[in-house]
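Okay, here's what each chain looks like letter by letter:
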Amino acid sequence: FSLNTAGYTTEFLRGAIETTPHGEIEAARACGMTPSKVTRRIILPSAFRRSLPAYSNEVIFMIHSSVVLSTISLQDLLGVGRWLNGRYYLSYEGFITAMLFYMVMVFIVSQLFKLWEKRWLGHLRVREESTSNGDQTITSAT
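A brief report on the enclosed structure follows. Not measured: the values here are computed from a predicted model. (Residues numbered from 1 in each chain as written. Predicted model: local features only at pLDDT ≥ 70, side-chain atom pairs only at ≥ 80, totals over all residues. Heavy atoms only, no water.)

1. Concerning the layout of surface pockets
It is a probe the size of a water molecule, rolled over the atoms, that shows where empty space is left. Here the largest pocket is characterised by a volume of approximately 180 Å³. Lining the largest pocket are Thr9, Phe12, Leu13, Pro45, Phe48, Arg49, Ser51, Leu52, Tyr55, Trp116 and Trp120. Listed by contribution, the elements that provide at least two residues to the lining of the largest pocket are helix 1 (2-18), helix 3 (35-72) and helix 5 (93-120). Counting residues per element, the lining of the largest pocket draws most heavily on helix 3, at 6 residues. The residue inventory of the lining of the largest pocket, partitioned by class, reads 8 nonpolar, 2 polar and 1 charged. (1 Å grid on protein atoms, 1.4 Å probe; cavity = no way out; pocket = protein on both sides within 12 Å on 5 of 7 lines; lining within 4 Å. Points joined across faces, edges and corners; volume = space filled by probe spheres on them. Helix = DSSP H or I, 4+ residues; strand = E, 2+ residues; numbered from the N terminus. Nonpolar A, V, L, I, M, F, W, Y, C, P; charged D, E, K, R; others polar.)

2. Topic: the side chain of Thr9
The topology assignment puts Thr9 in helix 1. Taking relative accessible area as the criterion, Thr9 reaches 19% and is therefore assigned buried. The residues contacting Thr9, other than those within four sequence positions of it, are Tyr55 and Glu58. (Buried < 20%, exposed > 50% of the residue type's maximum accessible area, 1.4 Å probe, protein only. Contact = heavy atoms within 4.5 Å.)

Shown next as structure tokens:
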């Protein structure tokens, strides 16, 4: 799972680096930045911002796929639910508790990524500007 996630993450970043607008790179070079400084200050921050939504999906996917690990050998939440079922004949309590834990974990992770996206991708939101025209207020999206 680690190699799979590392491969997907690498592809997210590679694609985001390749889609960096050429004008940004030219502007940085025109300002006299060295290639390493262009990479460090322009290309990588922009690529990280663009790849954040895809990476959040990958993190949530990894949380979901950790259930598969419990069938192999590792004990995770679902494995503990199965253990409770086998040991104390609690057929639903362990699985419902595991489901609630997974739901809370995914909710927390997705909210964290929403906050990060709001902070780092805030410049992409549509801004509303209001102009007063007598008694009327005209709101337009730019």
